[in-house]
Amino acid sequence: KTAFAKDLLDHHSPSLNQLVLAKFIEQGHFKRHIAKMKKVYRKRQDTIIQSIKTYFPGRCKISDHTIGLHLIVEFNDGITKQVINRLEDAGTRVYPVEMYAVNKGFAQNKIMLGYGNLNEVEIIEALKG
C-alpha cells in the first residue's frame, strides 16, 4: 500500500532502494555504523593532533577540533610551500584558509588539514615527512 502511494506521488526515486534503507535503519544497522565511524574518526583525529604536536613542536596552534574531519593549524612562523608540498606528497589534503577568507590577510599562516581519507599510519607518515 505504501509503495503504491509512493509510486503515484514520486516516479524519480527507486522504491526498492528506499525500502532496503528503511529496514537497515529500523534494524539498528545505521546507528551501529555511525557509532563505529565516530570511533574510527576520533582515533584519526587524536593521531593527527598528536602527530602535529610531535613533528611541529611549538611551531603551530591547532584550532578547536571537536567536530568534522579536518582541523585548522596556524603556524607561528608562517606556512612554507615546503611544508605544504610535504603534506600533499604524503596524501594529506591541505587547504590554505586564506583562500576561503572573506577578509584577506588574516589567515595567511593557517591551513586546513583533511584527515578523513587517511588511516593512522598514513597520517603519521604524512606529518613525519
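Our subject is the structure that appears above.
Residues numbered from 1 in each chain as written. Predicted model: local features only at pLDDT ≥ 70, side-chain atom pairs only at ≥ 80, totals over all residues. Heavy atoms only, no water.

S.K.: Got a minute to help me understand the pattern of salt bridges in this structure?
M.R.: Oppositely charged side chains can pair when the atoms bearing their charge come close. One pass over the structure, following the stated rule, counts 2 salt bridges. The closest approach of N and O atoms between R59 and D77, which form a salt bridge, is 3.5 Å. A residue pair is termed long-range when its members are at least 10 positions apart, and R59 in the loop between α3 (29-55) and β1 (60-62) and D77 in the loop between β2 (70-75) and α4 (81-89) qualify at 18 residues. According to the relative accessible area criterion, D77 is exposed, its value standing at 54%. (Salt bridge = Lys/Arg side-chain N within 4 Å of Asp/Glu carboxyl O. Helix = DSSP H or I, 4+ residues; strand = E, 2+ residues; numbered from the N terminus. Buried < 20%, exposed > 50% of the residue type's maximum accessible area, 1.4 Å probe, protein only.)

S.K.: Would you mind showing me how to read α3 here?
M.R.: Structurally, the α-helix is built with 3.6 residues per turn, so residues lying three or four positions apart point the same way. Between its terminal C-alpha atoms α3 stretches 39 Å, which fits the 39 Å expected from 27 residues at 1.5 Å a residue. Within α3 the residues assigned to the buried category are R44, Q45, T47, I48, I49, S51 and I52. (Expected span 1.5 Å × (residues − 1).)

S.K.: Help me understand the sheet that holds strand β3 (residues 93-96) in this model?
M.R.: Note: strands within a sheet are paired through backbone hydrogen bonds, in either parallel or antiparallel orientation. Pairing is antiparallel in the open sheet, where 4 strands are placed in the order β1-β2-β4-β3. With one partner strand each, in any of the chains shown, β1 and β3 form the two edges of the open sheet. In this sheet, neighbouring strand axes are inclined to one another by 30° on average, regardless of whether the strands run parallel or antiparallel. The strands that α3 touches are β1, β2 and β4 (110-114); relative to β2, the one it contacts most, it runs at about 10°. On the sheet, α4 packs against β2, β3 and β4 and is oriented at approximately 145° with respect to β3. (Pairing = 2+ DSSP bridges. Axes fitted to C-alpha atoms, helices over the stretch in contact; angles between N-to-C directions. Contact = heavy atoms within 4.5 Å.)

S.K.: Is there a simple way to explain the packing of aromatic side chains in this structure?
M.R.: In this description, a pair of aromatic rings is defined by centroid distance and the angle of the planes. In the structure shown here, the tally under the stated rule is 1 aromatic pair. Centroid distance F56 to F75: 5.5 Å. Interplanar angle 90°. Geometry classified as edge-to-face. Of the two residues, F56 is situated in the loop between α3 and β1 and F75 in strand β2; the sequence distance between them amounts to 19 residues. With respect to burial, F56 and F75 carry one shared label: buried. (Phe/Tyr/Trp six-rings, centres within 6.5 Å; stacked < 30°, edge-to-face > 60°.)

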